[in-house]
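Residue strings, one per chain:
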Amino acid sequence: MGVWWGPVVRVLVLQAAWALVGGQVRYSVPEEAKAGTVVGRLAQDLGLEAVDAEARRLRLVAQGRRASVEVSGASGALVVSSRLDREELCGKSAPCALRLEVLVERPLRVFHVELEVTDINDNAPLFPAARKNLSLSENSPPGSRFPLEGASDADIGANAQLSYTLSPSEHFNVALQRSEEYRESLFLVLAKPLDRETVAVHRLVVTASDGGRPPLTGTMEVVISVLDANDNAPQFNQSVYKMLLPEDALRGTLVARVIATDPDEGINGEVIYEIDTLNPPSSSDIFSIDAESGEIRLTGALDFETVTLYDLHIKAKDKGWSPLSGHCRVVLEVLDVNDNAPEVWVTSLSVPVPEDAAVGTVVALLSVSDRDSGANGRVRCAAWPPSPFGLVATFAGSYSLVLRESLDRERVAEYEVEVRAEDGGAPPLRASRAVRVPVSDVNDNAPAFAQAVYTVLARENNAAGAELARLWARDPDEAGNGRVSYSVAEGGGGGAAAVVGGWRPASSYVSVDAESGRLWALQPLDYEEVQVLQFEVRAVDAGEPPLCGNATVQVFVVDENDNAPAVLPAAGGGPWAGASGEAAASGPGSGALWAWAAWGAPAGQVVAKIRAVDADSGYNAWLRYELWEPREKGPFRVGLYSGEVSTARALEEADGPRQRLVIVVRDHGEPARSATATLSVSLVEGAEAALAAAGSSSSSSSPSSSGAGLRPAAGAEGGAAAAAAAAAAAATTNVWLVVAICAVSSLFLLAVVLYGASRWAPRAAVLSGPGPATLVCASEVGSWSYSQRQSRSLCVADGAGKSDLMVFSPNFPPPAGPAAKETQPEPPALLDTVSGPAFLASRPFPLFASLARVAVLARRLGRRWWEPGSAPGPAGGGCWSGA
């Protein structure tokens, strides 16, 4: 050991000085060093004390190859842990340098150590075979050279420099041919002509010696059989064939075609080929040669990373009785292709990462390598996604995964970082390694409702304790910071409802469950008392300090059919007084109405109009009128939706002086409610009917009450008075016809303006929630049914309030019979105030359908006006009566 200490000390001093300059520690150790041999004082060279080295867990990190060294925990020295065999670690590569990574903790640091394993002469030369048989013709000329397989030495440098000697022989000697480009070639040289009759077999021993101190040797016996006769050997056209093949060449690929000629005739001139020797010997199953053509083909796979150069010795021999042979070399150089993908290892990982970690925090250490050479072995690395983590190169093949941006656990709770490696080949090969990086939480988020405003539809007369809606606020924090409790905000405008006679707090109507956020009704809701409840719900988390969020809840009460229709008296005390009653309590005598009609009046003349209202809204307030008595077919009929009582046929004296009609008024609710009205129609002469109509017109301020019934006169009037009354009635009708045409034109213009506003104005919010939509209905044009409820202003979007309601087009089949055309319902009209695009956004039918219905109405009015015999008057039964 004393011999080794001097050089070792000098090497250690040089390595320590280089480490101070370059940042890397280098050591050298001879192979076959005993276990426990101290390679170097690693802790001291790294600037660490022995105590600190053990406390900071100074250790080596393996990279897929056994290093055979370890760090002593007590002293911090690098010592040999197992047998070091340079040939096993590096093969023929020189120098044999092992790159090691050394880690210390608190703080985490990585150092790179290079350990060179030096060669000693521990391997003797070795021939491929212990015995070599040669057959030589006796007429072989002196100077003939016969190739022999040289020996190989696993060592490197001077220990692998071989020299050859031959046992004493007067006929043979050995020659070594050296080449700068290729390996050495060994030949057996004939020095003196052979004489088979003197010596038929020559036994020689070839000895190979290496350049070590002391040298090691290996031997091979050469048995030479001297043949007679055939005196010409085959000759190749080239002594050396140099070929290039990529390592991904397929099996069956032609490597080379060798050609040898023999000037002999007959079978002595026929040549066959064979592979005589192959270097390296382990690749004998990779090549084959066709004995007749001399084509050499691949029978196995090439691998540049294993063998870069193949040396084939090809022998061509004739078929003579004493076959002669010629030899050549085929040198195949393997070209590297990019067939090895990069490899990525995670050597250290520090997770989870808190979401408030500073930028630049090291998360993981990685190592990258590629077995290819040149550009194919140069590796580029990147992290994907590129944020919030990135890679920083710390050394050749070593990277650190660091934090580049601030983290937010509520946005991303865990990252799956993919480290991608790509080499420089064409095409490049890629590899990746996934690194899972969880993020730990801090409390930094308040609860947030899914909607700023919740719109809830609740049916009228709901049961106390019924669930109206379920509210939910999200808090992305974890554990207690994410637990949310709910409550109804009290005071400070938190919530109130406008009721008949004042205001009441919303908490008297609804309550919210603290844990689930379910909204309950504390009492039944009455649409006629309250239509809208608006209040705030507060969500508070369990963090310290607690954070909270608010949401506004609007509860719209949906009307139920709990009110029966009511028959209205005529305006201005006209002849149509009426009464109302519940369906169960109503009867023929519940409301007495009366009117006049002239004998001979044509079919379709309106004699009276029944008006009724319903305290409900929507379908529940949409009324229809039915003639209950008389049951049999009579002279009168009732408009299904207008309530107009008109003649079904021409009136005759046989119909009697008076007709009693019982009319039922029903709504469209479920179940439907109804009221009845009794109408007494007096049948009189035409002149008396005209006088009664004129008297009714002068006594009523409403156009809807003129010209429909007759009041009996005190005495008989002359024919002149009747004619004057008829002329006055015609003039009045003409005035109202002009008014109606103007009104239709105005409605058409208003519809066009509203359609344009709906096309260009922003959409209002659409109310959503369970239950049917509230609908407001109207009767046939000319008889406006309306709801007694007040118009409500609903806030459905930012900005001023809008009166919003929905309309519909009933889809009832027309009644059978001749009166189908008259009783078919006209398009409904709007009753409540309509403002802005909220109306257009809430309609269940297109605007063009309404415009089409307005056009139909105008056409009907024109047809009634211009038809012969349809001029209004006492005897003509004017079509605008009661309109």
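Scroll up to find the structure.
Residues numbered from 1 in each chain as written. Predicted model: local features only at pLDDT ≥ 70, side-chain atom pairs only at ≥ 80, totals over all residues. Heavy atoms only, no water.

## With respect to the overall build of the protein chain
Scanning the protein chain from N- to C-terminus turns up nine helices and 51 strands. When burial is assessed residue by residue, the protein chain has 43% of its 883 residues classed as buried. For the protein chain, restricting intrachain contacts to residue pairs at least 6 apart in sequence, the fraction spanning at least 24 positions comes to 69%. Of the roughly 43,600 Å² of accessible surface on the protein chain, 55% is carried by carbon and sulfur atoms. (Helix = DSSP H or I, 4+ residues; strand = E, 2+ residues; numbered from the N terminus. Buried < 20%, exposed > 50% of the residue type's maximum accessible area, 1.4 Å probe, protein only. Contact = heavy atoms within 4.5 Å. Areas by Shrake-Rupley, 256 points an atom, 1.4 Å probe, with all protein chains shown as cover.)

## Considering the sheet that holds strand β26 (residues 362–369)
Spatial ordering of the open sheet is given by β24-β26-β29-β28, a layout of four strands whose pairing is antiparallel. The open sheet is flanked by β24 (343–349) and β28 (389–395), the only strands paired with a single partner. The mean inter-strand angle of the sheet, taken between neighbouring strand axes irrespective of direction, is 30°. Bridging between β28 and strand β29 (residues 398–403) involves six bridges; their strand directions are antiparallel. In the sheet register, G390 faces β29, and the bridge partner there is V402. (Pairing = 2+ DSSP bridges. Axes fitted to C-alpha atoms, helices over the stretch in contact; angles between N-to-C directions.)

## Re unusual backbone geometry
Here the amide bond leading from R213 into P214 is cis, since omega sits at 0°, within 30 degrees of zero. Assignment of secondary structure puts P214 in the loop between β13 (201–209) and β14 (217–227). Here the bond from E629 into P630 is cis, since omega is 0°, no more than 30 degrees from zero. Here P630 shows up in the loop between β47 (623–629) and β48 (636–638). In this structure, N461 takes a positive phi of about 65° despite not being glycine. Turning to its location among the elements, N461 is positioned in the loop between β33 (453–459) and β34 (467–470). Its identity is not glycine, yet A479 carries a phi of approximately 55°, on the positive side. With respect to the helices, strands and loops of the structure, A479 is situated in the loop between β35 (473–474) and β36 (484–488).

## Describing the packing of aromatic side chains
Applying the stated criterion to the full structure yields nine aromatic pairs. Judged by centre distance (4.7 Å) and plane angle (85°), the ring pair of W594 and W596 falls under edge-to-face. What makes W594 partly exposed here is its relative accessible area of 30%. Grouped by ring-pair contacts, the aromatic residues F449, Y454 and Y486 constitute a single cluster. Across the ring face of W628, the terminal group of R631 is positioned such that the distance to the ring centre comes to 3.8 Å. (Phe/Tyr/Trp six-rings, centres within 6.5 Å; stacked < 30°, edge-to-face > 60°. Lys NZ or Arg CZ within 6 Å of the ring centre and 35° of its normal.)

## Brief notes about the sheet that holds strand β21 (residues 295–298)
Strand order across the open sheet formed by three strands is β17-β21-β20, with antiparallel pairing between neighbours. The open sheet has two edge strands, β17 (254–257) and β20 (287–289), and neither has a second partner. Looking at each pair of strands side by side, their axes are set apart by 20° on average, direction ignored. Sheet topology note: the β17/β21 ladder contains three bridges and is antiparallel. Bridge pairing in β21 places A256 opposite I296.

## A closer look at the side chain of K132
Examined against the element boundaries, K132 turns out to sit in strand β8 (residues 131–137). On the basis of relative accessible area, K132 is assigned to the buried category, the value being 14%. For K132, the contacting residues outside a window of four places in its chain are L148, M220, E221, V222, V223, D276 and T277.

## Looking at the pattern of salt bridges
Applying the stated criterion to the full structure yields 22 salt bridges. Each of the salt bridges in this network shares a partner with another, and the network as a whole consists of R409, E410, D441 and E478. (Salt bridge = Lys/Arg side-chain N within 4 Å of Asp/Glu carboxyl O.)

## Some points on the nonpolar core
Of all hydrophobic cores here, the largest spans 28 residues; its most connected members are F449, Y486, L519, L533, F535, V553 and V555. Within the residue set of this core, elements represented by two or more residues are β33, β34, β36, β39 (510–512), β40 (518–521), β41 (532–541) and β42 (548–558). Other than its neighbours up to four places away in sequence, F449 contacts Y454, L471, W472, A473, Y486, V537, R538, A539, G549, N550 and A551. (Core = buried A, V, L, I, M, F, W, Y, C linked by side-chain atoms within 4.5 Å.)

## Focus: the pairing of strand β12 (residues 185–190)
The buried fraction of β12 amounts to six of the six residues, a majority that puts the element mostly inside the structure. Side chains of β12 alternate between two faces, with S185, F187 and V189 and L186, L188 and L190 buried alike. As defined by bridge partners, strand β9 (residues 145–148) adjoins β12 across four bridges and the pair is classed as antiparallel. Note that in β12 the partner of P147 across the bridge is F187. The pairing of strand β11 (residues 172–177) with β12 spans six bridges and is classified as antiparallel. Each bridged residue has a counterpart across the sheet, and for N173 the counterpart in β12 is V189.

Nothing here speaks to function; it is geometry throughout.
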